[in-house]
Structures are given as C-alpha cells and as structure tokens.
Amino acid sequence: MARGKLRIYLGAAPGVGKTYAMLSEAHRRVERGTDCVVAFVEHHDRPRTEVMLHGLEQVPRKDLEYRDALFTEMDVDAVLHRAPAVALVDELAHTNIPGSRNAKRWQDVEELLAAGIDVVSTVNIQHLESLGDVVESITGVRQRETVPDEVVRRADQIELVDMSPQALRRRMAHGNIYQPDKVDAALSNYFRPGNLTALRELALLWVADRVDEYLKQYRSEHRVSAIWGSRERIVVGLTGGPEGRTLIRRAARLAEKGAGGEVLAVYISRSDGLTSASPKELAVQRTLVEDLGGTFHQVVGEDIPASLLDFARGVNATQIVLGSSRRKAWQYVLGPGVGATVARESGPDLDVHIVTHEEVAKGRGLPVARGARLGRGRIIAGWLVGLAGPAVMAVLLNTVDLGLANDMLLFLTLTVAAALLGGLFPALASAAFGSLLLNYFYTPPLHRLTIADPKNIVAIVIFFGVALSVASVVDLAARRTHQAARLRAESEILSFLAGNVLRGETSLDALLERVRETFGMESAALLERASDVEPWSCAGRAGFGPALERPEDADVDMPIGDHMALALTGRVLPAENRRVLAAFAAQAAVVLDRRRLQEEAEQARALAEGNRIRTALLAAVSHDLRTPLAGIKAAVSSLRSGDVAWSEEDRAELLEGIEEGADRLDHLVGNLLDMSRLQTGTVTPIVREIDLDEVVPMALVGVPDGSVDLDVPETLPMVEADAGLLERSVANLVENAVKYSPTDRADSVVVVSASAIADRVELRIVDRGPGVPDDAKERIFEPFQRYGDAPRGAGVGLGLAVARGFAEAMGGTLNAEDTPGGGLTMVLSLRAAGSVTAAAEPVAQTAAEPERQAS
C-alpha cells in the first residue's frame, strides 16, 4: 500500500489560524468529492473555528480515564477502520493521555500515513524539538510538548500560516484566542510584540530553509546548472593567505544586508601544488567563518577558477568574494590570475567582488611550486623549441662560420631549452633533429648524411647523450614534483579529516557530505550488509543522486572490509584519488561504529542505572520492609494463638500494631513504586489549575494531630499542577519534617505556609529540627539517602527524592533552605495560573479543555 501524504500548517504562535486554514482546506476537498474526515480537531471554544466543523464528518473520539478524570483522544483504530482518503489531525506535538495507543500524536499520524491515509495537521514553530532552547531564551517558556524536526521535514507539503504581531494581538484583545480572564496576562507576557516578532522570524526562516532544500533537490534531479538567485549566497574564495580573514568579514557584512544571507568559505586544494596555504591560517579562518554563522568547505580541483565556479554554481550562489592578487607586477606575465579569470567566466548571474587588502602585490610569501606533470602549454613550447629552433638555428649559422664546436654548443642549448620546457620527448626529438642538421650542414662531407672524421662521430654522440641526460633529469624532476604536490594535497585533506575527528565532529551525514563535496560528486552513501547473502542497506547518505541498492551500481566503489562499502555517484575518479578516498571510507566506518557504540553505551548505562535501582530496592526490602512485616506477623500469630486469653485492651493494642505496620508498609511501597516510575520516565502529570487550600489539607491526613500548623490563605492565586502528584509531594515533605522535629520544645510544630511571589506560588514547610549543612542540601534529594544517624525504621530514604521528582515533573522546583533560628525549610515553588507560562501555554488538562499550546 502506498504511503499517505502529510500536509502541515505551520504557525509562529497560537491563534494565527492554523486550525481554521486546515478546516477551510477540508471544505474545499469535500466540495471536490474527496473523502475527508475529522479525526481530531480541537476548536478551544473559538466560535469561528467551531463553525468550520459544521458539514464535516467527525470520527468519534476515544474516552480515557486517568486520575479520576475523563479525557478524549483520537481513536486511531476507528480512523483506520473508517479508512478515509484524508484525515484531519490537529496539534501534531500533542502528548496523549496515558493508556492511549501511542505516547505522542505524531506517532498516531505515522500509523495513518503507513495505512495509506493522507493527513492534514497543524503545529507551532515553538514545538519543534531543535528550537526548544531558542524559544525558551526568547519567551522564558520551556516547551514540554515537542515533535522531532525530522517528522515535520518529511512532510510532503508545509504551508506557513502567517500573521503580523499587531494583528495577532488584536485577535487576542477581541477574545478570539483565549478566554477573557487570560487575555490581559497573555498580552503582557507571552504575546508581547517582541516575542511574537522573534517567533515569526523563526517560522519564516525555518520554512525558508525547507524551501531551499526542495529547490536543491529539484535542481539536482533536473540537472539545473544555471544560478537561481532566490536568496543571497556568498562564496568566499580562500587561498590560505593572511587576507582570508578580511574577505570573510567583508562577505559577512554583505550577507547581513540581505535577509537569510549565507556565507560559504571554500578553499580549493590543488593537486599541482600551485597554492602555498598555511594549515594554521586555514584553521583560524575556518573558526572565524563558523563564528560568523557561515560554513567552511575544502574541495580538490585541478583548475582553481573552474573549481571555484563549479562550487559556486553547485550551491546556487549569487556572489563570489575574492581578494586582490598578492602577485607582483612581473608575475602577471604568467597569466591573468584567478580573480580575473573568475570574473571573466562567472556569467551574468554571478557577481564577483574583488576586495582590496593589506597583502596586495606583496608576493605570496613562499616560492611558487611549479609542480604539475608538465602542462599542455609547456609541452607545446617544448616541441616548438625542439623542432623549429634547430631549423632556425641552421639558417642563421649558414650565414656565418663559427666552427663545429660552437655550432654543437648552440644546438645543445636548444635541446636543453626543449628539455626544460617540454620534458623528455621534445628533447629527444630536438637532439635527433639537431644531430641530423649538424651532420648535414656542418660535418664534412657537407650536404651528405655521412661522417668522414671519426672525431665528429664522437662529438655528435656526446651531443645526443648530453641532450638525453638533461631531458631525463627534467622529466624525473617534473614527476617527483608532481608526486610531492599530490602528496601535499592529500596530506592537507587528511589533516582536515583528522581535525574533524579531534573536534569531535562525529556525524556520519556530515562526513559523507564532506566526501561528496571534496571529490565533486553528486551523492555519497555508506552501504553495509550483515553477510555475503544479505541485501545491502544504506547506513548514511548525502547528496541528491539516485538511491543505490548495491555498491556495483555506483560510479566509484570503495570497499571497507567484507560487508561495508563507500559508494559515490557523479563521475569516475582517477586511480590516484582512491588513496584519499580510502581514508575517508575508513573514517566513515569508524564514525558509524562509534555511533553504534554510543547507542550501546547509552543502553548499558540505562541498564546499569536500572540494576542500581533494583539493587537498592532489594536492599530496602531486605532491611526496611522486614521490620513492619515482622511486627504484623507477630501480632497476627499472637491473636490466632489459643494458648493465651487476650483481653480486649490487648487485642486492641495488637490490632493497632497491625494497622500501623500495614500503613508503614503501604507508605514504603508507595515511595518505592513512585521512585521506579520517576527513574523510568513514566510519570505523566495532568497539569490543571488547582487551589492549594484544597490539596494541601488532604496531604496532612496521616500526620499526628497538633504536629502541623497550616497557613494557606484562600486569596492565593491558583497554581498549575497535578493534584495527585502535588498531594504526594507535600505529604512526603510534611512527614519528613515531622519525623525530624524535636518533641521536647514548644516551637516544634511544623509550619506549612504559602505565599505568592511574582508569577510563582511558594509552599514552605518549616521545621525546627537539627537542620542540614549546606554541602548536604542537594544530597538529601538523592534516592536511598537518610541524613545523619536515622534508624532503618525511619524509611528507605526516598521521600524527598520522590517529592522533588514530582515537583519537577509538574514544572516546579523543590529546594532546601535553613530555617532562621535553626531547622530546615523545604520550598516548593509552582507556577501561578495566569502567569507568563500559563498564559503562553493553556495546558488546560481537563476533559472540557485539553488544549496544549506553547509550554
């Protein structure tokens, strides 16, 4: 069955109209005859949104009971059974109520897509997992409900629902988003113009990046080489010289002038050794460009201008920034230079900026290594000198008689010049041609190819031998220089690869992208299989080339062991490049193994933590739970014994002991279970608005009468909390305070008071016990910790750990402070309803209003 398509309406903040736009799209599809149903849409009591639900088929929701409250969630099974063509699923980042089919709603959506059902959904930009820290720094609100970025990126369509901050605030003021009692708090906190503007920019930039990915994919699939200036992309050509830092800063300033501008610094590593880059300077420039928000790239290219232009067109750049040449005036005789060549061949769509700097015309600083195997120009010049030179020389020497020795020296000069320019073969041709001319014109008998004097034969042989020797030396030097330059280029790439390892860049996708970029390929993929008979699978991939099912289908196949290979598509690489490619392939295998080892280490760490908890639980059972069990068993055995006639008072005392032991067991087991839930991450608070004066008294049921003084004013604002978790936390804190309070002092009563401070409500549990030193105030919240010489019967040391875990699960904090005059004060801080957080996220976790907005 073909996978369904996912369409997402993305908004910058609650209330921009995502749900309304989704329902409008549903009505359009229904009018066209599409089978479209509402799987889950929450209108949040917004009249205009509620009206849009009329006329659309709604799949009944599933009722779930959790903590004595009734909630409704999307019924995935009902939607699958209905099997519509299109299903509307609101709030993609929503966390399902415990007991649902999946933990997150986006997992429900994945099931629908796998069943071939198209899904239309909504999500706010602040719910993307990668933007959690950014959104928190802007709004001061930490998102509790998030969706992985990859889930949204995989959507077939992403449509931005945009609204200006001023318009959104007007909608809020008119009561079209939140209830009237929350409007003022929201406008003055989360919905401030600055917050909304920053969130809007985040949404626009994120969608722009996604559009850019679509554009790259389209250009690659259709092989579009022309530049489409959809956004400013500035390529900085680096030589490794000191002027690179000036160029990078200049490019960064150019990028700032255009919205969404990017800076890509590229260093072309030539195999002929014509560049003299300093690895230290390149490292400094790499750090600089990354600090300015750009990226650094290193590419191997035989022709620097062509490679630079190919890179710029490949990334769809709009501008190239180059530095004025460092060459001296006389060096322009050798050619126009990289800057002039790039400017001439860039075309009308690619602007080239030549930036002046302090190093202009000061020379390269290091001698230029003419290291390639002799180029075409030199070879042609060598053949011209080797063949035309002797002919011209013969014509000139026929006008003047210099003697055979001088004639041979002049012809030898031409042969040496041909060797220096063109290498071995032009020199051999020059030597042979020059020997014939010497023999014909200047060796008796003249104008005949015979030699009368044996001395002249020796002279001609020596002439030919010298020419051959010089040509051989020149050719050998050229080959050795080429090898040295090639090795230097390889060492630069390998040092760059080693630097990535030292910097901790262990992303397989990033490494494969570097491979693809370095060798100028369309795609790079790491393929592996379990055995020789198993099919190949892709462990990582970069680029937009065709997907490979086996290494043999690629243009370049680099085996890594028996069951792994690095496959590249785009062109066939020369054999001399395979050595560097082998290093990249080996590093890719190491990165993959490291990633898997890290995953295994995380699993092992989780298992070790679980074993530690289980060991502690067993220790608790063996030591702390046996005492109440022993007391209960002794009391029960005594009551059942027929040998003793117990009085009513004795029977009542034994029954009271049984009841106390059972209560103690219940408390200990409850703490153990709560701690195990916290350790495994299965605590899912149902946060709602509650009054402290309703919950806190219920937490004091188990404490002795007269041991606690309660001071919780009824005028306090409501708090955002889970009633059950809050009650359990307060009960543990009060029990701990009572346990350590002295019994021989008049002021030993534990005081439980509450007060409002800014947007928080603090609950303080004050005792007059021995107190806790500052260095132990955090340690007392660790599991299985009992402060001081508390006897084993005092508990297993989980009460405070459970209390803090529950407090943090509700978005609150729990800390210990010294009580003035002696003792310990536990401060439980909770969010006040209607505060910036509550206004930003009406996580109204009730059956009537289960909306989860920005948390």
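As a reminder, the structure under discussion sits directly above these lines.
Residues numbered from 1 in each chain as written. Predicted model: local features only at pLDDT ≥ 70, side-chain atom pairs only at ≥ 80, totals over all residues. Heavy atoms only, no water.

A.B. asks: Help me understand the packing of helix α12 (residues 304-314) against helix α13 (residues 338-345) in this model?
C.D. replies: Each packed pair of helices is defined by two parameters, the angle between the axes and the distance between the axes. At a closest axis distance of 9 Å, the pairing of α12 and α13 adopts a crossing angle of 45 degrees. Classified by the interaxial angle, the pair formed by α12 and α13 is oblique. When you trace α12 past α13, the crossing you get is right-handed. Between α12 and α13, the residues in contact are Ile-304, Pro-305, Leu-308, Leu-309 and Arg-313 and Val-338, Thr-341, Val-342 and Glu-345, respectively. (Axes fitted to C-alpha atoms, helices over the stretch in contact; angles between N-to-C directions. Helix = DSSP H or I, 4+ residues; strand = E, 2+ residues; numbered from the N terminus. Parallel < 35°, antiparallel > 145°, perpendicular 65-115°, else oblique. Left-handed = near helix turned anticlockwise from the far one by under 90°. Contact = heavy atoms within 4.5 Å.)

A.B. asks: Any chance you could explain the environment of Leu-168 here in plain terms?
C.D. replies: With respect to the helices, strands and loops of the structure, Leu-168 is situated in helix α7 (residues 165-173). Accessibility expressed as a relative area gives 2% for Leu-168, which makes it buried. For the pair Leu-168 and Pro-193, spaced 25 residues apart in the sequence, the C-alpha separation amounts to 9.3 Å. Aside from chain neighbours lying at most four places away, what touches Leu-168 is Ala-13, Pro-14, Gly-15, Val-16, Met-163, Ile-177, Phe-191 and Leu-196. (Buried < 20%, exposed > 50% of the residue type's maximum accessible area, 1.4 Å probe, protein only.)

A.B. asks: Got a minute to help me understand the pattern of salt bridges in this structure?
C.D. replies: Pairing between side chains of opposite charge can happen when their charged atoms approach one another. One pass over the full model with this rule turns up 25 salt bridges. Across the pair Arg-154 and Glu-110 runs a salt bridge, and its minimum N-O distance is 3.2 Å. Of this pair, Arg-154 sits in the loop between α6 (149-153) and β8 (157-161) while Glu-110 sits in helix α4 (residues 105-114), placing them 44 residues apart in sequence. According to the relative accessible area criterion, Arg-154 is partly exposed, its value standing at 42%. By relative accessible area, which is 18% here, Glu-110 ends up buried. A salt bridge links Arg-200 to Asp-162; the shortest N-O distance between them is 2.8 Å. Taken together, the positions of Arg-200 in helix α9 (residues 193-221) and Asp-162 in the loop between β8 and α7 put the pair 38 residues apart, joining distant regions of the chain. (Salt bridge = Lys/Arg side-chain N within 4 Å of Asp/Glu carboxyl O.)

A.B. asks: Would you mind going over the sheet that holds strand β1 (residues 6-11) with me for this structure?
C.D. replies: As a general point, the strands of a sheet are linked pairwise by backbone hydrogen bonds and lie either parallel or antiparallel. Taken together, the six strands give an open sheet; going across it, the order is β3-β2-β6-β7-β1-β8, and neighbouring strands pair in parallel fashion. In the strand order of this sheet, the two ends are held by β3 (57-58) and β8, each with one partner. With two bridges connecting them, strand β2 (residues 36-40) and β3 associate as parallel partners. Directly across from Val-38, in β3, lies its bridge partner Gln-58. Along the sheet, helix α1 (residues 18-31) contacts β1, β2, β6 (86-89), β7 (118-124) and β8; its crossing angle with β1, the most-contacted strand, is approximately 145 degrees. Of the strands in this sheet, β1, β2, β6 and β7 are in contact with α4, which crosses β6 at around 180 degrees. (Pairing = 2+ DSSP bridges.)

A.B. asks: Could you clarify how one ought to interpret the packing of aromatic side chains in this entry?
C.D. replies: Aromatic rings in a pair are described by how distant their centres are and how their planes are angled relative to each other. Under the criterion given, the structure shown has zero aromatic pairs. The ring of Phe-40 carries the charged tip of Arg-61 above its face, separated from the ring centre by 4.0 Å. Arg-105 extends its terminal NZ or CZ atom over the ring of Phe-40, reaching a point 3.9 Å from the ring centre. (Phe/Tyr/Trp six-rings, centres within 6.5 Å; stacked < 30°, edge-to-face > 60°. Lys NZ or Arg CZ within 6 Å of the ring centre and 35° of its normal.)

A.B. asks: Mind showing me how you'd approach the nonpolar core here?
C.D. replies: The tendency in soluble globular proteins is for nonpolar side chains to be buried side by side. One finds Leu-88, Leu-92, Leu-112, Val-147, Phe-191 and Trp-206 to be the most contacted residues of the largest nonpolar core, which totals 63 residues. Here the element with the most residues in this core is α9; it accounts for six residues. Every residue in contact with Leu-88, bar those within four places of it in the chain, is listed here: Met-22, Leu-23, Ala-26, Cys-36, Val-37, Val-38, Ala-39, Phe-40, Val-41, Leu-56 and Val-120. Formed by 41 residues, the second largest nonpolar core is a distinct cluster that contains Val-719, Val-802, Leu-814 and Ala-832. (Core = buried A, V, L, I, M, F, W, Y, C linked by side-chain atoms within 4.5 Å.)

A.B. asks: Would you mind going over the pairing of strand β4 (residues 62-66) with me for this structure?
C.D. replies: Working note: regular strand, side chains alternate between the two faces of the sheet. The sheet contact formed by β4 and strand β5 (residues 69-73) spans five bridges and is antiparallel. Bridged to Leu-64 within β5 is Phe-71. Connecting β4 to the antiparallel partner β5 that follows it, the hairpin turn spans two residues, and Arg-67 within it adopts a positive phi of roughly 55 degrees.

Fair warning: the whole summary comes from geometry, so function is off the table for now.
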